[in-house]
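One-letter residues, chain by chain:
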Amino acid sequence: MDNNKTAWERIQLVHAKGRPTIKDYLPLIFNDFYEIHGDRLFGDDKAILGGIARLGSTPVTVIAQVKGRDINENKTCNFAMPHPEGYRKALRLARQAEKFHRPIICFIDTPGASCGMPDEERGQGEAIARNIAEFMTIRTPIISVILGEAGSGGALALGVCDELAILENAQYSVLSPRGFASILWKDATREQEASEIMMITAEDMVRLGVAETVIEEPLGGAHNDLDKISENIKEYLSHKIQEKCKKDIDVLLKERYTKFRKIGDFIE
């Protein structure tokens, strides 16, 4: 693991052309994936991919934010910015997983939730808040993995889990460094400086108790060896799903609650 890269250098790797998306990882990590569409309320959001699969021999529910690999794919999935119906689809799949005692695996990769006027009219804030509240009490194990960007509430809606892993060069932040610089200094050109003080790297997340595990990427980034990074993710998921499924569900829920209650604790 290369701990010498700056936050800005990691951001460049996350945004590198060819960085794998969930559509690259899916066939390498899971077997027999069957996609489920729609939120049964408004429509089907292409920014959220969900369905049933097998991790080895274990049936699981997969919920993932989708980034495009070219401009046309990005337009289809709204540049990985989910609409309210995407989050409601995710919650529908989570409830179904709870009913059938399937572990849930969430993949996070979004600059943030869609924030257009139609999204607000359809209750974007409520959809995200409901996911955060209900994922906290879903009675089945939940593991989340940050693949690239994890921006604000758009990421947190799939980030309430029993354990959070983050790829080595991925980032988790309340907003982009450009947005941070624009608000704090009224100067968006200072985004590189902002990235170094925001504490958004994988190591920062583990140190602050937000994430539990950093998944190592191949030298030069995930796009340099898709098979290797997929193997690393699959190995991590297989181990953690087995571990969490052995726990009493009431103990698991208490630990999930405690995990989020302690985030932000500090001593001066």
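Residues numbered from 1 in each chain as written. Predicted model: local features only at pLDDT ≥ 70, side-chain atom pairs only at ≥ 80, totals over all residues. Heavy atoms only, no water.

*Asks:* Looking at this structure, how should I read the pattern of salt bridges?
*Replies:* Where charged atoms from two side chains of opposite charge come close, those side chains can pair. Under the definition given, this model contains 27 salt bridges. We note a salt bridge from E163 to K240, for which the minimum N-O separation is 3.3 Å. On the criterion of sequence distance, the pair formed by E163 in strand β6 (residues 163–167) and K240 in helix α11 (residues 226–245) is long-range, its members being 77 residues apart. Using a relative accessible area of 6% as the deciding quantity, one classes E163 as buried. (Salt bridge = Lys/Arg side-chain N within 4 Å of Asp/Glu carboxyl O. Helix = DSSP H or I, 4+ residues; strand = E, 2+ residues; numbered from the N terminus. Buried < 20%, exposed > 50% of the residue type's maximum accessible area, 1.4 Å probe, protein only.)

*Asks:* I tried to follow the side chain of Q124 on my own but got confused; where do I start?
*Replies:* You can see Q124 is positioned in helix α6 (residues 124–135). Beyond its immediate chain neighbours, meaning those up to four positions away, Q124 contacts P82, H83, P84, Y87, A113, S114 and D119. (Contact = heavy atoms within 4.5 Å.)

*Asks:* I'm lost on the packing of aromatic side chains in this one. Help?
*Replies:* Per the counting criterion, the structure on display carries 2 aromatic pairs. Over the face of the ring belonging to F42 we find R122, whose NZ or CZ atom lies 4.4 Å from the ring centre. Residue placement shows K259 over the ring face of F260; its charged tip is 5.3 Å from the ring centre. (Phe/Tyr/Trp six-rings, centres within 6.5 Å; stacked < 30°, edge-to-face > 60°. Lys NZ or Arg CZ within 6 Å of the ring centre and 35° of its normal.)

*Asks:* I'm lost on the pairing of strand β5 (residues 142–150) in this one. Help?
*Replies:* Counting buried positions over the 9 residues of β5 gives 9, a clear majority of the element. With 6 bridges connecting them, strand β4 (residues 104–110) and β5 associate as parallel partners. For I108, the partnering residue across the bridge sits in β5 and is I146. Note: β5 against β6, 4 bridges, orientation parallel. Bridge assignment links I143 to a residue of β6, and that residue is E163. (Pairing = 2+ DSSP bridges.)

These figures come from the coordinates and say nothing about function on their own.
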